[in-house]
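Take a look at the letters that make up each chain.
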Amino acid sequence: MAQKRIVKEYSELQKKPLDGMRISLPSEADMHQWQILIDGPKGSPYEGGVFTLHLSLPTEYPFKPPTLSFKTKIYHPNVTNDDKGSMCLGMLRADEWKPSSKIDAVLSFAKALLLEPQPDDAVEGGIAREYKENKKEFIKNAKAWTKQYAKK
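Anyway, here's the lowdown on the structure attached to this text. (Residues numbered from 1 in each chain as written. Predicted model: local features only at pLDDT ≥ 70, side-chain atom pairs only at ≥ 80, totals over all residues. Heavy atoms only, no water.)

**Focus on the environment of Ile74**
Here comes step 1: Relative to the assigned elements, Ile74 resides in the loop between strand E4 (67–70) and helix H2 (103–115).
Here comes step 2: On the accessibility criterion, Ile74 (3% relative accessible area) is buried. (Helix = DSSP H or I, 4+ residues; strand = E, 2+ residues; numbered from the N terminus. Buried < 20%, exposed > 50% of the residue type's maximum accessible area, 1.4 Å probe, protein only.)

In structure tokens:
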């Protein structure tokens, strides 16, 4: 069931791609590993950057949630600042995931986080504090990281 559903969702996203995103399979033989390129949204400190993300779908999908991580370093309160680039997305937590949820919703939510970080659900406390208390400095740092790590 997982394979069929994954193929269907991948096909749908190829036919009707999400705005500012490109999706590919690093290996045609493995439908469970996707590469996503997201353009930094206009009006955000990530504008002008292109971010590579990795989506991993478990064999139990859609009954277990996928994992989504940034491969491009990003200055963001909801993404770990390490080589894993793990994202804190509420909808991907095992207790909040619903089998009816679809990958396009996951990707749309990830892009929305670039426009509107959620500092109260942060994995990087220092960046979350800066976002809340000194937004100007946060924007400056996020733009600098985008320029350094997410060049087109």
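There is more to say after this.
**Thoughts on the sheet that holds E4**
Here comes step 1: The strand order E1-E2-E3-E4 describes an open sheet built from four strands, whose pairing is antiparallel. With one partner strand each, in any of the chains shown, strand E1 (21–24) and E4 form the two edges of the open sheet. Strand-to-strand twist across the sheet, computed as the mean angle between neighbouring axes with direction ignored, equals 25 degrees.
Here comes step 2: Summarising the sheet, strand E3 (residues 50–56) and E4 pair through four bridges and their orientation is antiparallel. Of the residues in E4, the one forming a bridge with His54 is Ser69.
Here comes step 3: This element, H2, spans E1, strand E2 (33–39), E3 and E4 of the sheet and lies at about 35 degrees to E2. (Pairing = 2+ DSSP bridges. Axes fitted to C-alpha atoms, helices over the stretch in contact; angles between N-to-C directions. Contact = heavy atoms within 4.5 Å.)

**Notes on the pattern of salt bridges**
Side-chain pairing between opposite charges can occur once the charged atoms of the two side chains come close.
Here comes step 1: This structure, assessed with the given rule, holds eight salt bridges.
Here comes step 2: Across the pair Arg93 and Asp121 runs a salt bridge whose closest N-O atoms are separated by 2.8 Å. With a gap of 28 residues between them, Arg93 in the loop between E4 and H2 and Asp121 in the loop between H2 and helix H3 (125–133) connect regions that are remote in the sequence.
Here comes step 3: What makes Asp121 partly exposed here is its relative accessible area of 23%.
Here comes step 4: Measuring nitrogen to oxygen at the nearest pair gives 2.6 Å for the salt bridge that ties Asp120 to Lys132. A residue pair is termed long-range when its members are at least 10 positions apart, and Asp120 in the loop between H2 and H3 and Lys132 in helix H3 qualify at twelve residues. Neither Asp120 nor Lys132 differs from the other in exposure class; each is exposed.
Here comes step 5: The network of salt bridges with common partners includes Lys8, Glu12 and Lys102. (Salt bridge = Lys/Arg side-chain N within 4 Å of Asp/Glu carboxyl O.)

**Topic: the pairing of E1**
Here comes step 1: Burial of E1 is one-sided: the residues Met21 and Ile23 facing one way are buried, the residues Arg22 and Ser24 facing the other way are not.
Here comes step 2: In this structure, E1 lies alongside E2, joined through four bridges in antiparallel fashion. Its bridge partner being in E2, Arg22 is matched across the sheet by Leu37.

**Overview of the packing of H3 against helix H4 (residues 135–149)**
Here comes step 1: One way to put it is that H3 packs onto H4 with a least axis distance of 5 Å and a crossing angle of 125 degrees. Considered as vectors, H3 and H4 are oriented oblique to each other. Facing Ile127, Glu130, Tyr131 and Glu133 of H3, the residues of H4 in contact are Lys135, Glu137, Phe138 and Asn141.
Here comes step 2: Counted by class, the contact of H3 with H4 contains three nonpolar, one polar and four charged residues. (Parallel < 35°, antiparallel > 145°, perpendicular 65-115°, else oblique. Nonpolar A, V, L, I, M, F, W, Y, C, P; charged D, E, K, R; others polar.)

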